[in-house]
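Here are the chains, one letter per residue:
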Amino acid sequence: MLFDNLGIFFNEIEKELNLFFYMKQQRMKIENLRLEKIVQQRTSELALEKEKSDKLLRAILPDKIADTLKGEIRSIGENFDEATVLFSDIVDFTKLSSGLSAEEIVGALNNLFCRFDDRAKNCGVEKIKTIGDSYMAACGIPSANKKHAEIMLNFAKGMLEDLEEYNKTAKIRFSIRIGLNSGPVTAGVIGKTKFIYDVWGNTVNVASRMESACTPGEIRVSQTVFEHLNGTDIKFSEPIESEIKGKGRMTMYEVIK
């Protein structure tokens, strides 16, 4: 009888222990599932933030440069033997914008420059930056392109088409000058904050001078651009000899549209 009672007692203890360990396992499974969900959620959030950061970086820098940096902001520079640089500027912008609100001015520039941005992306042109009402772009960087001058000139023509479309419905109508020059440049990223991909060199300075000397509504190119494109279907004016500030007397051409 005693042994029978002991047997029943130990059986009950065994059942209690089995139930205890079973419940403990179940709680551990539930907790593990909860932790797995938290890890998955955090991993998803981190991936989303990384994607946002990557998109932001690529909105600021060319894809090739963004891939090179891989999230580490450091100085990076390259020399390019041949590239074409473009500057455009709105004619009499200060006079046109006088008396307008900041919202109206920024809205007008954003409307026009977004059209240029879309065209640059489609043409394989790298937007460098805007400086007030000026727009700077280049072709042949950060990846070399033998057709840099032709691509950039077609882009410049497209900019005039974009401007014409913009002016059809614009409250503030603009006229622009466009200047192009080809030659060697240095390009890269400098700094830790508010960094941009920028371009330097005499080629850039001459492109800016081409824009300054250009007739409003036209495209003016340097001798080097003319030499790149002479013999193509693109038509140019007769040579224009002019004294250019800081450069002396230069030969230039305007594109016949």
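Calculation rules
One numbering rule holds for all chains: residues counted from 1, following each sequence as written. The model is predicted, so local features are restricted to residues of pLDDT at least 70 and side-chain atom pairs to those at 80 or more, both for listing and for counting; the totals for chains, interfaces and linings are taken over all residues. Computation of side-chain values covers all heavy atoms of the structure but excludes hydrogens and water. For the purposes of this entry, the term helix denotes a DSSP run of H or I that reaches at least four residues, the term strand denotes a run of E that reaches at least two, and both are numbered from the N terminus. In this scheme, a residue with accessible area under 20% of its type's maximum is buried, one over 50% is exposed, and one in between is partly exposed, where area comes from a 1.4 Å probe on protein chains only. Note on definitions: a residue-residue contact is assigned when non-hydrogen atoms from the two residues lie within 4.5 Å. Residue-level accessible areas treat just the shown protein chains as cover; the underlying method is Shrake-Rupley with a 1.4 Å probe. Pairing between two strands requires that DSSP report at least two bridges joining them. Each salt bridge in this description consists of a side-chain nitrogen of Lys or Arg and a carboxyl oxygen of Asp or Glu lying within 4 Å of one another. Think of it this way: a Phe, Tyr or Trp ring, Trp meaning its six-membered ring, pairs with another when their centres are within 6.5 Å, and the plane angle makes it stacked under 30 degrees, edge-to-face over 60, tilted otherwise. As a per-residue quantity, pLDDT reports the predictor's confidence and falls between 0 and 100. In this analysis, the expected span of each helix is defined as 1.5 Å times one less than the number of residues it contains.

Describing the overall build of the chain
Phase 1: The number of helices and strands found in the chain is 7 helices and 9 strands.
Phase 2: The buried share of the chain, reckoned over its 257 residues, is 36%.
Phase 3: Long-range pairs, those at least 24 residues apart, make up 66% of the contacts in the chain with a sequence separation of at least 6.
Phase 4: Accessible surface, the chain: about 16,000 Å² in total, of which carbon and sulfur atoms supply 54%.

What to know about the pairing of strand S2 (residues 126-131)
Phase 1: Relative to strand S3 (residues 134-139), S2 runs antiparallel, the two sharing 5 bridges. The residue bridging Ile131 from the neighbouring strand is Ser134, located in S3.
Phase 2: Hairpin connection between S2 and S3: a loop of 2 residues separates the two successive antiparallel strands, and Gly132 in this loop has a positive phi of roughly 65°.

Observations regarding the pattern of salt bridges
Between side chains of opposite charge, pairing is possible as soon as their charged atoms come close.
Phase 1: Under the definition given, this model contains 10 salt bridges.
Phase 2: Glu161 serves as the salt-bridge partner of Arg119, at 3.8 Å between the closest nitrogen and oxygen. Pair noted here: Arg119 is in helix H4 (residues 102-123) and Glu161 is in helix H5 (residues 148-169), with a separation of 42 residues, a long-range link.
Phase 3: Relative accessible area serves as the criterion here: at 24%, Arg119 is assigned to the partly exposed category.

Describing the environment of Lys147
Phase 1: Structurally, Lys147 is set in the loop between S3 and H5.
Phase 2: Separated by 82 residues in sequence, Lys147 and Leu229 place their C-alpha atoms 9.5 Å apart.

Looking at the packing of aromatic side chains
Phase 1: Counted according to the given criterion, the structure contains 8 aromatic pairs.
Phase 2: Seen from their ring centres, Phe226 and Phe236 are 5.2 Å apart, and the 75° between their planes marks the pair as edge-to-face. You can see Phe226 sitting in helix H7 (residues 223-229) and its partner Phe236 sitting in strand S7 (residues 235-236), a full 10 residues away along the chain.
Phase 3: Residue classification places Phe236 among the buried positions, given a relative accessible area of 13%.
Phase 4: Here the aromatic cluster, defined as three or more aromatic residues joined through ring pairs, consists of Phe93, Tyr166 and Phe174.

As for the confidence of the model for the chain
Phase 1: On average, residues of the chain carry a pLDDT of 86, and 83% of them reach 70 or more.
Phase 2: Strand S6 (residues 219-222) holds the highest mean pLDDT among the elements of the chain, 98, whereas helix H2 (residues 63-69) holds the lowest, 69.

Observations regarding the environment of Ile256
Phase 1: Mapped onto the secondary structure, Ile256 falls in strand S9 (residues 248-256).
Phase 2: Accessibility expressed as a relative area gives 47% for Ile256, which makes it partly exposed.
Phase 3: Along the primary structure Ile256 and Ile234 are separated by 22 residues, whereas in three dimensions their C-alpha atoms are 7.7 Å apart.
Phase 4: Every residue in contact with Ile256, bar those within four places of it in the chain, is listed here: Lys235, Phe236 and Ser237.

Observations concerning unusual backbone geometry
Phase 1: Cis geometry is found at the peptide bond from Ile141 to Pro142, where omega equals -5°.
Phase 2: Here Pro142 is to be found in the loop between S3 and H5.
Phase 3: Despite not being glycine, Asp92 shows a phi value in the positive range, around 55°.

Some details on H4
Phase 1: For H4, which comprises 22 residues, the first-to-last C-alpha distance of 31 Å matches the rise-based estimate of 32 Å (1.5 Å per residue) to within 8%.
Phase 2: Against the buried residues of H4 lie strand S1 (76-90), helix H3 (93-97), S2, S3, H5 and strand S4 (176-189).
Phase 3: Positive backbone phi, approximately 80°, marks Gly124, located one or two places after H4.

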